[in-house]
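# Tertiary structure, described
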Amino acid sequence: MLGRKKVMLALAFLYALSATASAFAPDVATLIAARLIGGLAFGSLMLAPIYIAELSPARLRGRMVSVNQLNIVIGFSAAYFANYFLLQASQSGEPWVQAIGLDRYAWRWMLGIEVLPAVAWLVSMVFVPESPRWLMLRGRENRARGILEKITPRNRIDAKLSEIAATVAEAPDRLAARIRRVFRPELRLILVIGVVVGISQQISGINSVYFYAPTIFEQSGVGTNAAFAQATWIGIINVIFTVVAMLTIDRFGRRPLMILGLAGVAISMSISAYGFHQARYELPVEAAVELGDQLDLDELRQVAGVRFDNDLEFKGAVAAAIGETALTAHEAKLIGAAIQMNPRIVLVGILGFVASFAISLGPVMWVLFSEIFPNAIRGVCMSVMGVINSGVSFFVQFIFPWELSNLGTATTFLLYAIAAGIFLVLVAWLLPETRGRTLEELESELTALRRPNALRTRASGNG
């Protein structure tokens, strides 16, 4: 209804408003409301790929849409470094730190600094054009032509306008009608592909690794400081291999990268599971004595010197000796003192997983979502996929701590490997190749297909 540009301007404003309100929040209720506003702005993750795809030439569309994922991972890394700098500065005792209140309100600065990229995005969006495909959808052919003249060879403009017009001619005006069209029979197989791709990105456990990386590395016994140091490699590997994906997605195609990436995820998670499966746990008496100033030494002696075959047995015995509360508070130190394994195996597995994700599931999902759905209802379809993707992400993150506590680290990573293997088979069976075609050509071809076998035949012919 409003257009890609206006909505993204509104989202940029919401980001800036959320950052400002978070920094100056007088109470918890205001802070929660400010973060909820930021959550609404998170919808830009769905809209930006649509906009980029609709303005990009077919031969470069994969690379251009992948910029969205690159910006996400750079943003993660920038936030980590910014927060680290602010934390270090807040403890420096410098006069300027006290003058701006950084020593007392470091968390406010960490939340408020988001206003800088938000305002930069808001200002830059003023100078970008509206999507010509959306303009055609609203019957504004002259404006669409003017924008196409800037990004399309002159001898292709009339043909391009005709292609777009043919795909938007029967577009329903009402939102309810567009939602109903999403579930029409000719789109059923496309929706299945979208759901498979959307679930596969999150079921692999990527956000569990992102958000619990220090915890995972602590479980390997490297210690808290080393765990945080190793976690920084996740950001570095993520950026490097996202760039690799950008450089190869339009050359090799979406389908090969997805298959390669899911295979890499399955192998990498299996390596991590193997590393933890090989671990043995035995708390030395000397370590128990060192922990005696924080925990009851007599209780710890009940498990000191006893060898356990896995983390569940060890944590269960420790909990029985010192209590669940004490175990939770000192779990990292206890595991670090007791575990006997090669932590490099886990490090290799996790970094291999991040590299595999970054070259495939991370950027390729956004590219595919921006390509496979029809022009007239692309926004609605991607919103549906976004809800499914976010729902799976929430579920995977929510149960991750429970899995570690009840299934064990090795089993948890093995489940991720199995899930990646299952979705590897589904992607290899269902996913067609989409590179090198205009959005209108893809719409015509994909809506004409009804069977996975047809998709597989088309993919093998185009990959």
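From a predicted model like this one, the values you see are computed outputs, not experimental measurements.

Before going further, it helps to examine the environment of Glu 445. Structurally, the position occupied by Glu 445 is in helix α24 (residues 439-447). As for Glu 445 and Ile 372, which are separated by 73 residues in sequence, their C-alpha atoms are 9.7 Å apart.

Moving on, we get to the confidence of the model for the chain. Summary statistics for the chain give a mean pLDDT of 80 and a share of 87% for residues scoring 70 or more. Throughout residues 453-463 the model reports pLDDT below 50, and contacts reaching past four residues in sequence, or to other chains, amount to 21 contacts.

Before going further, it helps to examine a positive patch on the surface. A cluster of like positive charges, contributed by Lys 6, Arg 138, Arg 140 and Arg 143, occupies part of the molecular surface. With respect to the helices, strands and loops of the structure, Arg 138 is situated in the loop between α8 (132-137) and α9 (141-151). A relative accessible area of 30% places Arg 138 in the partly exposed class.

With that settled, consider the packing of aromatic side chains. According to the stated counting rule, one finds eight aromatic pairs in the structure shown. Ring geometry for Tyr 15 versus Trp 121: centroids 6.0 Å apart, planes at 50°, classification tilted. You can see Tyr 15 sitting in helix α1 (residues 4-23) and its partner Trp 121 sitting in helix α7 (residues 115-125), a full 106 residues away along the chain. Taking relative accessible area as the criterion, Tyr 15 reaches 16% and is therefore assigned buried. Measuring from centroid to centroid gives 5.8 Å for Phe 276 and Phe 413, while their planes differ by 10°, and the two rings are stacked. Within this pair, whereas Phe 276 is found in helix α15 (residues 254-277), its partner Phe 413 is found in helix α23 (residues 409-430), the two being separated by 137 residues in sequence. We note that Phe 276, like Phe 413, is buried. Members of the aromatic cluster, connected to one another through ring pairs, are Phe 276, Phe 400, Phe 413 and Tyr 416.

Rules of the game
- Residues numbered from 1 in each chain as written.
- Predicted model: local features only at pLDDT ≥ 70, side-chain atom pairs only at ≥ 80, totals over all residues.
- Heavy atoms only, no water.
- Helix = DSSP H or I, 4+ residues; strand = E, 2+ residues; numbered from the N terminus.
- pLDDT = per-residue confidence, 0-100.
- Contact = heavy atoms within 4.5 Å.
- Patch = residues over 30% accessible without salt bridge, like charges linked within 9 Å, V, L, I, M, F, W, Y side chains within 5 Å.
- Areas by Shrake-Rupley, 256 points an atom, 1.4 Å probe, with all protein chains shown as cover.
- Salt bridge = Lys/Arg side-chain N within 4 Å of Asp/Glu carboxyl O.
- Lys, Arg positive; Asp, Glu negative; His and termini not counted.
- Charge placed at Lys NZ, Arg CZ, Asp CG, Glu CD.
- Buried < 20%, exposed > 50% of the residue type's maximum accessible area, 1.4 Å probe, protein only.
- Phe/Tyr/Trp six-rings, centres within 6.5 Å; stacked < 30°, edge-to-face > 60°.

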